[in-house]
Amino acid sequence: EAVRSRQEEVPLSASAGRISGEYLYLYPPGIPLLLPGERISEDLLESIRDLQASGFELEGPEDYSLEKLFVVKCISPGPR
């Protein structure tokens, strides 16, 4: 459902608490770190920064630099 939902691109650093619209894999060996529909945690963001700093390749998102990530667009409730 998250893959087909309306999405917006946000800075990775501001994505904690949002719902991912993209896949993120540690490659090799192809271990998924993030799947569409998963809530992005601050712990995951810290792990991503650590993996990048250690030279690991992270693949899957449209922005391979991982500066931005597509997340499910928040829909604000209308007036009551």
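Residues numbered from 1 in each chain as written. Predicted model: local features only at pLDDT ≥ 70, side-chain atom pairs only at ≥ 80, totals over all residues. Heavy atoms only, no water.

A.B. asks: When you look at the overall build of the protein chain in this model, what are you seeing that I'm missing?
C.D. replies: In terms of helices and strands, the protein chain carries one helix and five strands. Beginning at the N terminus, the succession of helices and strands in the protein chain can be written as β-β-β-α-β-β. Overall size of the protein chain, expressed as C-alpha extent along the three principal axes, is 50 × 20 × 20 Å. Contacts in the protein chain between residues far apart in sequence, at least 24 positions, make up 63% of those at least 6 positions apart. Here the protein chain carries 8 positive and 14 negative side-chain charges, and the mean point of each set is 13 Å from the other. (Helix = DSSP H or I, 4+ residues; strand = E, 2+ residues; numbered from the N terminus. Contact = heavy atoms within 4.5 Å. Lys, Arg positive; Asp, Glu negative; His and termini not counted. Charge placed at Lys NZ, Arg CZ, Asp CG, Glu CD.)

A.B. asks: Hey, could you run me through the sheet that holds strand β4 (residues 57–59) in this one?
C.D. replies: Within a beta sheet, neighbouring strands are joined by backbone hydrogen bonds and run either parallel or antiparallel to one another. Ordered in space as β3-β2-β4, the three strands form an open sheet in which the pairing is antiparallel. The open sheet has two edge strands with one neighbour each: β3 (31–34) and β4. Pairs of neighbouring strands in the sheet enclose a mean axial angle of 35 degrees, with direction left out of account. In the sheet, strand β2 (residues 24–27) pairs with β4 via three bridges, with the strands oriented antiparallel. Bridged to Tyr25 within β4 is Glu59. (Pairing = 2+ DSSP bridges. Axes fitted to C-alpha atoms, helices over the stretch in contact; angles between N-to-C directions.)

A.B. asks: Explain the side chain of Ser15 here, please?
C.D. replies: Topologically, Ser15 is positioned in the loop between β1 (7–11) and β2. Ser15 has contacts with Val10, Ile40, Leu45, Leu69 and Val71, leaving out every residue within four places of it along the chain.

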